[in-house]
Amino acid sequence: MSTRDNGRFWSVRRVPAVLVGLVVLGGAGLLLYDVAAVHAGRPGMAWRRVLSDELATRPLDDTYVRVGAAVAAALGLWLLVLALTPGLRTILPMRRDSVPVRAGLDRNAVALVLRDRALAVSGVQSVRVRTRRRTVAVRAVSHFRELDEVHDDLRGALDQAIADLGLQRPPSLSLHVAHAGKRR
């Protein structure tokens, strides 16, 4: 796990790098062997002769050429997306109080903490918490207090809990409270 300047966690992505490296190494090794064999006076490999003949004689609007180009473009785009996007999106970075220390919280852990804080509020029967990178959606069911009172108490408790987590970018809170007997 590594980080970049903006504090987000980036995955190392070893498996795609190894796969691409092995494919490139295998292809380069085969081509190098074939070129060395041709320079030594032996004929080129049959697959390379057939491939070069096919590429020389097939028109560009042929179905096989288009499918091959589409597959190559899709693989290249996939590799670019992997290289340019962070992979550990489930980890929310925490504020840096000391520079050499990096910490993050998993989204599920954040949801559990907020759920526990919400269940501690008087009048809350059950809570569902869904954590995203920028928002936390909380759905609570109240069973004996007024909805406005429960909503205000929950808002205060959850705002304080989010602040206590120490996240670099505290998520915004979306809160819905309903009575136990009514449908949500």
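Residues numbered from 1 in each chain as written. Predicted model: local features only at pLDDT ≥ 70, side-chain atom pairs only at ≥ 80, totals over all residues. Heavy atoms only, no water.

Student: Mind showing me how you'd approach helix H4 (residues 107-119) here?
Tutor: An α-helical turn contains 3.6 residues, so a residue and the one three or four places further along point in the same direction. In this model H4 runs 18 Å from its N-terminal to its C-terminal C-alpha over 13 residues, within 8% of the 18 Å that 1.5 Å per residue would give. Close packing links the buried residues of H4 with strand E3 (91-93), strand E4 (104-106), strand E5 (124-131), strand E6 (135-142) and helix H5 (147-165). The distance from a side-chain oxygen at the start of H4 to the backbone nitrogen of Asn 108 is 3.1 Å, and the residue carrying that oxygen is Asp 106. (Helix = DSSP H or I, 4+ residues; strand = E, 2+ residues; numbered from the N terminus. Expected span 1.5 Å × (residues − 1). Contact = heavy atoms within 4.5 Å. Polar contact = N/O pair within 3.5 Å; in protein donor to acceptor, adjacent residues only side chain to side chain.)

Student: Which parts of the structure should I look at to understand the side chain of Arg 145?
Tutor: With respect to the secondary-structure elements, Arg 145 resides in the loop between E6 and H5. Aside from chain neighbours lying at most four places away, what touches Arg 145 is Val 121, Ser 122, Gly 123, Val 150, Asp 153 and His 179.

Student: Looking at this model, I keep getting lost on the packing of H4 against H5. Mind explaining?
Tutor: The angle between the axes and the distance between the axes are what describe a pair of packed helices. Where H4 contacts H5, the two axes come as close as 9 Å, and the packing angle between them is 145°. You can see that H4 and H5 cross each other, and the crossing is right-handed. Each of Val 110, Val 113, Leu 114, Arg 117 and Ala 118 in H4 lies in contact with H5, whose residues at this interface are Leu 154, Ala 157, Leu 158, Gln 160, Ala 161, Ile 162, Asp 164 and Leu 165. Tallied by class, residues from the contact of H4 with H5 come to 10 nonpolar, one polar and two charged. (Axes fitted to C-alpha atoms, helices over the stretch in contact; angles between N-to-C directions. Left-handed = near helix turned anticlockwise from the far one by under 90°. Nonpolar A, V, L, I, M, F, W, Y, C, P; charged D, E, K, R; others polar.)

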